[in-house]
Amino acid sequence: MDITGKVAVVTGGASGVGRALSVGLADRGAAGVVVCDIDLAGAGEVAADIEAGGHRAIAVHADVSNEADVQGLVASAEALGPVAMFFSNAGIIVAGGPEASDEAWGRIWAINVQSHIYVARAVLPGMLARGEGYLEITASAAGLLTQLGSAPYTVTKHAAVAFAEWLSIAHGDQGIVVSCLCPQAFTSNLLNTSRRELGTEALMAAEGWAGGSEQAAVDGVLTSEQVAAASLDAVATEQFLILPHPDVATYERRRADDRERWLRGMRRLQARLSGLPPG
Ligand SMILES: NC(=O)c1ccc[n+]([C@@H]2O[C@H](COP(=O)([O-])OP(=O)(O)OC[C@H]3O[C@@H](n4cnc5c(N)ncnc54)[C@H](O)[C@@H]3O)[C@@H](O)[C@H]2O)c1
């Protein structure tokens, strides 16, 4: 799809890759960029930067885990024109396994999964009526593999990949292009949170999960701008799976080829990163 002249919405646009996507979309000729975030001040700064560069942008406050907010976001965006491109990107990470609280499991499910469902409900009818639309879901390499130290992140990102695949299959022949962004580590507030929560704190060390985020950094930490550029390049080719870290494709193949071997390797990596001897 050609970005030129299109109205695009980016959730989680105040920070990290959402911010870089918003700026990149404007630089690549979008007619208007709607920068959405729960942090309205941050979204406002990004929109102001884009406008200062001579492009059209507005900031909209929305909590993507709230369907009424998502509907309101799309209604606000339509003031700029029909929403041709939607980047459903906002996401969070929480640490732990089954012992993580129901509140934490519910919160991450609502933001990392349910939000994409609300977005699809809000934008698909208009896109289908126009016979054209682009929807990108930010998942993670953790949605194809496993995030050591965080079952909630692993589970919700797998669900996000599954939903994106379902949408692509259901609507790919109706003019709807769906992409799924699956990076490993890149610089952002979320990476800092991940390092803090999955890092060397006592709880994680005790559970043998320390250094979980450094698993994602094994193949190098990219910048948000590099991840956004890979993502926006893929808009033109309309490819489904966007892997800014190309090694992820190899890992996914190895996992599918021999699951037992893959699981043994992941246990060894977990032990290495946590400083424990492999079990
Ligand atoms: N940083 C990484 O290493 C990494 C790796 C793989 C995937 N991801 C994914 O990339 C996406 C963007 O994360 P980032 O790393 O740029 O993080 P970030 O924390 O810098 O940005 C996320 C933005 O989302 C916003 N947000 C959070 N909850 C929201 C909600 N309920 N409604 C609206 N906005 C909300 C935050 O305010 C923030 O501005 C996430 O889905 C994340 O899971 C990140």
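Within each chain, residue numbers correspond to sequence positions counted from 1 in written order. Since the coordinates come from a predicted model, pLDDT governs what is reported: local features require at least 70, and pairs of side-chain atoms require 80 or more to be given and counted, while whole-chain, interface and lining totals use all residues. Hydrogens and water molecules were not included; the side-chain quantities draw on all heavy atoms of the structure.

A. Summary view of the site of the ligand. Throughout, the term near means that a residue has one or more heavy atoms lying within 4 Å of the molecule or strand in question. Taken together, the neighbourhood of the ligand is formed by 27 residues, with S15, D37, N89, Y153 and S188 sitting nearest. In protein, a polar contact means a hydrogen-donor-capable atom and an acceptor-capable atom, both N or O and within 3.5 Å, with residues adjacent in sequence counting only if both atoms are side-chain atoms; elsewhere, any N or O pair within 3.5 Å suffices. A distance of 3.4 Å separates a nitrogen atom of the ligand from a polar atom in the backbone of A62. N89 is positioned with one of its backbone polar atoms (N or O) 2.8 Å from an oxygen atom of the ligand. Out of a free accessible area of 830 Å², the ligand has 92% covered by protein chains. Secondary structure elements are defined from DSSP: runs of H or I of at least 4 residues count as helices, runs of E of at least 2 residues count as strands, and each element is numbered from the N terminus. At the level of elements, α1 (16–27), α5 (151–171) and α6 (189–198) are the ones that each hand at least two residues to the shell around the ligand. Ranked by residues supplied to the shell around the ligand, first place goes to α6 with three residues. Each residue gets one label: Ala, Val, Leu, Ile, Met, Phe, Trp, Tyr, Cys and Pro are nonpolar, Asp, Glu, Lys and Arg are charged, and the others, such as Gly, are polar. Class assignment for the residues of the shell around the ligand results in 14 nonpolar, ten polar and three charged. Accessible surface is estimated by sampling points in the Shrake-Rupley manner with a 1.4 Å probe; for residues, cover comes only from the protein chains shown.

B. Representation of the side chain of S150. With respect to the secondary-structure elements, S150 resides in the loop between β5 (133–138) and α5. Buried means the residue's accessible area, taken with a 1.4 Å probe over protein chains only, is under 20% of the maximum for its type, while exposed means over 50%, and partly exposed covers the values in between. Look at S150 and you get buried, because its relative accessible area is 1%. Not counting chain neighbours up to four residues away, the residues in contact with S150 comprise I93, V94, A95, G96 and L198. We call two residues in contact when some of their heavy atoms are within 4.5 Å.

C. Representation of the sheet that holds strand β3 (residues 57–61) within the structure. Strands are treated as partners if at least two bridges between them are detected by DSSP. The seven strands are arranged β3-β2-β1-β4-β5-β6-β7 in an open sheet whose pairing can be described as parallel. On the outer flanks of this sheet lie β3 and β7 (241–242), each paired with one strand and no other. Inspection of the sheet shows strand β1 (residues 7–11) paired to strand β2 (residues 32–37) by five bridges, in the parallel sense. When the sheet's bridge partners are listed, A8 is paired in β2 with V33. Running over the sheet, helix α4 (residues 102–130) touches β4 (83–88), β5 and β6 (176–181) and is turned about 165° from β4. Comment: axis = line fitted to C-alpha atoms, over the contacting stretch for helices; angle = value between 0 and 180 degrees taken between N-to-C directions.

D. Seen up close, the nonpolar core. Only buried residues count toward a nonpolar core, which is a set of Ala, Val, Leu, Ile, Met, Phe, Trp, Tyr and Cys residues joined through side-chain atoms within 4.5 Å. Grouped together as the largest cluster of nonpolar side chains are 44 residues, with contacts concentrated most on V34, L73, F86 and L167. The element that contributes the greatest number of residues to this core is α4, accounting for eight residues. Setting aside its immediate chain neighbours within four residues, F86 contacts V9, T11, L73, V74, V119, V123, M127, Y134, L135 and E136. With 32 residues, the next largest nonpolar core counts V35, A84, F87 and I242 among its residues.

E. Structural context of helix α10 (residues 247–257). Every buried residue of α10 is listed here: V248, Y251 and R255. Projected down its long axis, α10 shows its buried positions confined to an angular sector of 60°, all on one face. Projecting away from the buried face of α10 at angles above 90 degrees are the exposed residues R253, R254, A256 and D257. In this structure, the buried residues of α10 make contact with α5 and α11 (259–274). Read the arc as the range of directions from the helix axis to the C-beta atoms.

Everything listed is a geometric property; what it means functionally is a separate question.
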